[in-house]
Amino acid sequence: MGTVFWEVHESITHVVVADGSDGKLRNDVSNFCRYHPNNPEAVSPHWIVASLKAQYLEQPHLFPTLKANALKKENDKDQKKAVPALSRKSDLHLATENNLFHDAVFHFVNSSKHNSTDMITFDAKKVEELVINHGGYILSDQVMAVLQKEREILNNSLTSKHKLDIVCYIVSVNGEFAQDAIIKENELLSTIHETQLCDIVCVNPIWVEACNISNRLLENPQNFPELFQPQWPMFKLPSGVKMKVSVSGFQNFERIGLRELLTAIGATYTDNMGNSNTHLICKEAKGPKYHKAIEWGLHVVTADFLYHIVQYGYRRGGKGCEKNFSLPFSPRRVKPIVNNHNKKDNIKNEAFICSAKDTNDAFVG
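In this text, all values refer to a predicted model and were calculated from it rather than measured experimentally.

Some details on the sheet that holds strand β7 (residues 244–248)
Taken in spatial order, the four strands line up as β8-β7-β10-β11 in an open sheet, and their pairing is parallel. Edge strands, defined here as strands with exactly one partner in the open sheet, are β8 (268–269) and β11 (299–301).

Here's what the structure looks like:
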């Protein structure tokens with residue numbers, strides 16, 4: 001039996017918020033829950049109704065409060081009935097909401113065959129926390145039950161079966177895995193696949209981080225499979241290999257993905273390129289960075305060079321495979337040219353600075 005408090009009380013465990021409440025009220029409730037000693041959970045009135053029908057307390061996170069625009073959207077859809085949506089597992093009390101992954105379910109995979117010291121293994125717990133804190137849901141029996149209920153309601157209102165507008169992402173924390181085998185071995189994934197409940201897409205933690213950094217969802221990671229999908233084992237740079245890399249010609253998710261992948265293997269990424277850089281990854285053989293890299297004798301390579309060393313590893317002693325991925329007119333690595341003349345030029349609004357009294361390095365932004 002529950003107790004209703006109409007005023008603030010130390011024993012409060014739940015706060016019932018009317019669906020369609022305005023943003024100010026929702027933020028006030030969120031702050032109240034966050035700082036109350038019991039950390040109560042904000043729920044929709046649907047939670048009370050569902051608990052009464054079930055004769056036990058339903059999980060509160062399955063019944064989040066609906067925003068005004070979300071409620072209107074649900075009411076405007078003739079083919080769907082409003083149903084309790086999935087909610088974040090552990091971030092209900094933040095004052096500002098972040099629903100980057102609110103239409104996504106996640107399952108994490110760790111392939112034991114890639115667990116070695118010379119390979120990359122991302123911290124699964126940190127990636128999972130990032131997903132949850134951005135509105136994502138971890139695949140579980142409870143989540144599956146809600147998905148199936150939403151599918152049932154959707155199909156009852158339509159003449160043919162439809163997939164839910166939700167994606168289940170399988171996240172590999174350490175490289176390639178046998179997708180079919182993973183789906184077959186996992187009962188929940190197998191059910192999603194066999195019943196075509198929703199789409200299943202394989203990604204890696206770099207995709208998760210790229211979405212986080214850009215604050216928007218890359219809905220088609222398969223457009224950049226080498227960066228955002230588990231294609232192969234992911235080798236680190238050997239101990240003692242120093243690689244300082246800049247990139248040119250890449251934009252948005254692709255640029256972010258390259259930066260995160262370089263950092264993951266142990267390379268140093270720089271936005272600005274100096275003659276202390278060792279490599280420039282170019283999309284095309286043009287631009288201020290490309291011409292300066294040629295002048296300074298840097299390795300000028302395509303992105304395929306990075307994908308190759310991630311897949312097969314990089315040999316020590318400077319005997320890498322750069323020449324196999326060099327852009328036209330790209331020379332082999334030579335001793336950097338040191339410019340001892342103080343000057344400052346502008347190359348298409350990109351800074352180029354040489355200073356003999358500082359580090360004798362030149363930079364191109």
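Let's pick the thread back up.
Digging into the pairing of strand β10 (residues 279–282)
Burial along β10 is two-sided: H279 and I281 and L280 and C282, pointing in opposite directions, are all buried. Two strands pair when backbone bridges link them, and β7 and β10 are joined in this way by four bridges, in the parallel orientation. Note that in β10 the partner of S246 across the bridge is L280. Both β10 and β11 contribute to a ladder of three bridges, which runs parallel. If you follow H279 over to β11, its bridge partner there is H299.

Here we look at the packing of helix α4 (residues 124–133) against helix α8 (residues 205–214)
Contact geometry of α4 with α8 gives a least axis separation of 11 Å together with a crossing angle of 40 degrees. Between α4 and α8, the angle is such that the two are oblique. For α4 against α8, the interelement crossing comes out left-handed. Of the residues in α8, those touching α4 at V127, L130 and V131 are P205, V208, E209 and N212. Split by residue class, the contact of α4 with α8 holds five nonpolar, one polar and one charged.

Topic: unusual backbone geometry
Even without being glycine, N215 reaches a positive phi, approximately 55 degrees. In this fold, N215 is placed in the loop between α8 and α9 (225–228). Even without glycine at this site, N252 takes up a positive phi of about 55 degrees. Within the element layout of this structure, N252 appears in helix α10 (residues 252–265). Residue classification places N252 among the exposed residues on the basis of a relative accessible area of 51%.

Brief notes about the sheet that holds strand β5 (residues 167–172)
Read across the sheet, four strands follow the order β4-β3-β5-β6 without closing on themselves; strand pairing throughout is parallel. Across the chains shown, the open sheet's two edge strands, defined by having one partner strand only, are β4 (137–138) and β6 (199–203). Bridge analysis of β5 against β6 gives five bridges, and the strand direction is parallel. In the sheet register, V171 faces β6, and the bridge partner there is V203.

A few points about the packing of aromatic side chains
Per the stated rule, a full pass over the model turns up eight aromatic pairs. Taking 5.9 Å as the distance between ring centres and 35 degrees as the angle between the ring planes, the aromatic pair formed by F101 and W207 counts as tilted. Of this pair, F101 sits in the loop between α3 (68–76) and β3 (104–109) while W207 sits in helix α8; the two residues are 106 residues apart in sequence, bridging distant segments of the chain. Comparing F101 with W207, the two get one shared label, buried. Between the aromatic rings of F106 and W207, the centroid separation amounts to 6.4 Å while the plane-to-plane angle is 40 degrees, which identifies the pairing as tilted. Placement of the pair is F106 in strand β3 and W207 in helix α8, with a sequence separation of 101 residues. No difference in accessibility class separates F106 from W207, as the two residues are buried.

Rules used in this analysis
Residues numbered from 1 in each chain as written. Predicted model: local features only at pLDDT ≥ 70, side-chain atom pairs only at ≥ 80, totals over all residues. Heavy atoms only, no water. Pairing = 2+ DSSP bridges. Helix = DSSP H or I, 4+ residues; strand = E, 2+ residues; numbered from the N terminus. Buried < 20%, exposed > 50% of the residue type's maximum accessible area, 1.4 Å probe, protein only. Axes fitted to C-alpha atoms, helices over the stretch in contact; angles between N-to-C directions. Parallel < 35°, antiparallel > 145°, perpendicular 65-115°, else oblique. Left-handed = near helix turned anticlockwise from the far one by under 90°. Contact = heavy atoms within 4.5 Å. Nonpolar A, V, L, I, M, F, W, Y, C, P; charged D, E, K, R; others polar. Phe/Tyr/Trp six-rings, centres within 6.5 Å; stacked < 30°, edge-to-face > 60°.

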